[in-house]
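What follows is each chain in one-letter form.
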Amino acid sequence: MKRVWAAVVVLAVLVALCILGLVATVTAADEMLRRTEQIETCLRQSQYEEAAALTEDAIDQWERKSRILCTFFSHLQLETADKEWDALRASLEAKEYGRGLEHCGQLTLFWNHLRKVDFPYWENVL
């Protein structure tokens, strides 16, 4: 009987970890998507200094969130966001605002993908 209880406890821990990973992923992706959309809005409205400040804040936030997400994803998967944030920062410093919008678009695609990648959809299971 002890083995059955041990198996139940192990199963409960595994399910809790899966749910924790899913919640952490969706929460982080939603937050970063919202920040990316704010930066994109500032760029479209020619508020470049505010966009640069929001970018720096978002990069700091991403560095904290990526430490948690690397528990659930490989570093290679998360490296896409790191590269795009660095490219966005460089574009804003070089005053290449059109390129900045392109990087915001790539980040938006990444966050949307990250939101869906771990959900138990049929296409993710099969």
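Worth saying up front: this structure is predicted, and the values here are computed from it rather than measured.

**Regarding the confidence of the model for the protein**
At step 1: The predicted model of the protein has a mean per-residue pLDDT of 89, with 94% of residues at 70 or higher.
At step 2: Put simply, helix α5 (residues 122–125) is where the protein has its lowest mean pLDDT, 64, and helix α2 (residues 48–69) is where it has its highest, 93.

**With respect to the pattern of salt bridges**
At step 1: Using the criterion set out here, one finds eight salt bridges in the structure.
At step 2: One salt bridge in this structure joins glutamate 40 and arginine 44, with 2.9 Å as the shortest N-O distance. In this pair, glutamate 40 and arginine 44 are both assigned in helix α1 (residues 2–44), four residues apart and thus about one turn of the helix distant.
At step 3: Residue classification places glutamate 40 among the buried positions, given a relative accessible area of 17%.
At step 4: Among the salt bridges present, the one from glutamate 79 reaches lysine 83, with a minimum N-O distance of 3.4 Å. With a gap of four residues between them, glutamate 79 and lysine 83 both fall in helix α3 (residues 75–93), about one helical turn apart.
At step 5: Salt bridges sharing common partners tie together Glu31, Arg34, Arg35 and Asp57.

**A look at the packing of α1 against α3**
At step 1: Between α1 and α3, the least distance of the axes is 14 Å, while the angle of their chain directions is 20 degrees. Looking at the two axes, α1 sits roughly parallel to α3. Crossing of α1 over α3 shows left-handed handedness. For the pair α1 and α3, the contacting residues are Met32, Thr36, Ile39 and Leu43 in the first and Trp85, Leu88 and Leu92 in the second.

**A few points about the state of the cysteines**
At step 1: Tallied over the entire structure, the rule returns zero disulfides.
At step 2: Left unpaired, cysteine 18 is separated from the closest cysteine sulfur, that of cysteine 70, by 17 Å.
At step 3: Relative accessible area serves as the criterion here: at 58%, cysteine 18 is assigned to the exposed category.
At step 4: Cysteine 42 supplies the cysteine sulfur nearest to cysteine 104, a cysteine that is in no disulfide, at a spacing of 9.6 Å.
At step 5: Look at cysteine 104 and you get buried, because its relative accessible area is 0%.

Criteria and thresholds
Residues numbered from 1 in each chain as written. Predicted model: local features only at pLDDT ≥ 70, side-chain atom pairs only at ≥ 80, totals over all residues. Heavy atoms only, no water. pLDDT = per-residue confidence, 0-100. Helix = DSSP H or I, 4+ residues; strand = E, 2+ residues; numbered from the N terminus. Salt bridge = Lys/Arg side-chain N within 4 Å of Asp/Glu carboxyl O. Buried < 20%, exposed > 50% of the residue type's maximum accessible area, 1.4 Å probe, protein only. Axes fitted to C-alpha atoms, helices over the stretch in contact; angles between N-to-C directions. Parallel < 35°, antiparallel > 145°, perpendicular 65-115°, else oblique. Left-handed = near helix turned anticlockwise from the far one by under 90°. Contact = heavy atoms within 4.5 Å. Disulfide = S-S within 2.5 Å.

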